Amino acid sequence: MNAERIAALAGPGVAVEVVAETGSTNADLLARAAQQCGPLLLVAEHQSAGRGRAGRSWLSSSEGSLTFSLAWRFDGGPHRLSGLPLAVGVALGDALGLLGVQVALKWPNDVLKDGAKLAGILVETRCAADGGTWAVIGIGLNLAMPDDLEARIGRSAAGAPWLARMDREVLMAKLLDALSAALHLFARSGFGAFCARWNLRHAWQGETVTVIDNGAVVQEGLAAGVDDAGRLLLDTAAGRVAVLAGDVSLRVKT
Ligand code: ATP
């Protein structure tokens, strides 16, 4: 992929770099956050040590995956960024929908196609010297999902053959534009501006789900969408509770 072409295809304001291979684009941008002066997109043609939440791995193949991170500076402390991973999911969902791929969102940070994970989002932060906060937004998007990769992942995963046939740089530029617009909106209005759209795409609305922390079920209830802070609302036997993302995982109860 060519960085200049992606930058030329996308709207102005974000610097673009492409590397042939790296461990983790999130780790690379976090390491550079202190020296960073403006938004930067880092695309890796191959990512060998992609990260998920809580030390989990994101696996990808160079031919069939899009792996990139976007560093974006926000005013104020990290507490201002609650709901950012969900807002990114909404932006990604809308952009993929415009490209003909319909997706749903699984709280807090997954993009599902036909019930299986198509993309993962990992937001990590660093305090900026001026009191602001750098968010590094990592996205892994499956284009193809070959059987051997799905076997290594160990659970069903989705690909998007339609996107795999697209010009990769055009695809990247479209996603970058959608993310930039969403991040500007998030900076102005926070997650409240995305909440209704997240709920429209909620994969498990009305399903009985369990919230898992360190392998143990800590909550069970009917999933009732998210609130303005990006917390999952659960209707439990003891009434409605709001669950903070932290490192918990959600499973649909079978
Ligand atoms: P959970 O799915 O348990 O709620 P999570 O949504 O927080 O966890 P992440 O930490 O965001 O998951 O992503 C890492 C997980 O995603 C891995 O543990 C693996 O199950 C799955 N995974 C890894 N690579 C891929 C991929 N290319 N496509 C789909 N799923 C993947």
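See above for the structure.
Predicted model only: the values in this text are computed from it and were never measured.

### Structural notes on the site of the ligand
Taken together, 16 residues are adjacent to the ligand, and Arg-53, Leu-59, Asp-110, Lys-117 and Arg-251 come closest. Here an oxygen atom of the ligand sits 3.1 Å away from a polar atom, N or O, in the side chain of Lys-106. At 2.9 Å, a side-chain N or O of Lys-117 approaches an oxygen atom of the ligand. In the complex, 94% of the free accessible area of the ligand, which totals 630 Å², lies under the protein chains.

### Concerning the nonpolar core
By size, the foremost hydrophobic cluster in this structure holds 65 residues, and its most contacted members are Leu-41, Leu-96, Leu-163 and Leu-175. In this structure, this core is formed jointly by two domains, domain 1 (3–200) and domain 2 (208–252), each of which donates at least three residues. Excluding anything up to four places from it in sequence, Leu-163 contacts Leu-96, Leu-99, Val-101, Leu-141, Leu-143 and Leu-171. Core analysis: the next-biggest nonpolar cluster, separate from the first, contains nine residues, Ala-33, Ala-71, Ala-128 and Trp-134 among them.

### Some details on the environment of Phe-74
Residue placement: Phe-74 occurs in strand 5 (residues 65–74). For the pair Phe-74 and Cys-127, spaced 53 residues apart in sequence, the C-alpha separation works out to 9.7 Å. Contacts of Phe-74, omitting those with residues within four sequence positions, involve Leu-81, Leu-84, Gly-132, Thr-133, Ala-135, Leu-183, Phe-186 and Ala-187.

### What to know about the pattern of salt bridges
Working definition: two side chains of opposite charge can pair if their charged atoms are close together. Following the criterion strictly, the structure yields 13 salt bridges and no others. Lys-117 serves as the salt-bridge partner of Asp-110, at 3.3 Å between the closest nitrogen and oxygen. For Asp-110, a relative accessible area of 6% gives the class buried. Two residues, Asp-235 and Arg-240, come together in a salt bridge whose shortest N-O distance is 2.7 Å. Among the residues examined, Asp-235 registers a relative accessible area of 30% and is labelled partly exposed. Here the salt bridges do not stand alone but share partners, grouping Arg-5, Asp-167 and Glu-169 into one network.

Calculation criteria
- Residues numbered from 1 in each chain as written.
- Predicted model: local features only at pLDDT ≥ 70, side-chain atom pairs only at ≥ 80, totals over all residues.
- Heavy atoms only, no water.
- Near = heavy atom within 4 Å.
- Polar contact = N/O pair within 3.5 Å; in protein donor to acceptor, adjacent residues only side chain to side chain.
- Areas by Shrake-Rupley, 256 points an atom, 1.4 Å probe, with all protein chains shown as cover.
- Core = buried A, V, L, I, M, F, W, Y, C linked by side-chain atoms within 4.5 Å.
- Buried < 20%, exposed > 50% of the residue type's maximum accessible area, 1.4 Å probe, protein only.
- Domains from an automatic or database assignment.
- Contact = heavy atoms within 4.5 Å.
- Helix = DSSP H or I, 4+ residues; strand = E, 2+ residues; numbered from the N terminus.
- Salt bridge = Lys/Arg side-chain N within 4 Å of Asp/Glu carboxyl O.

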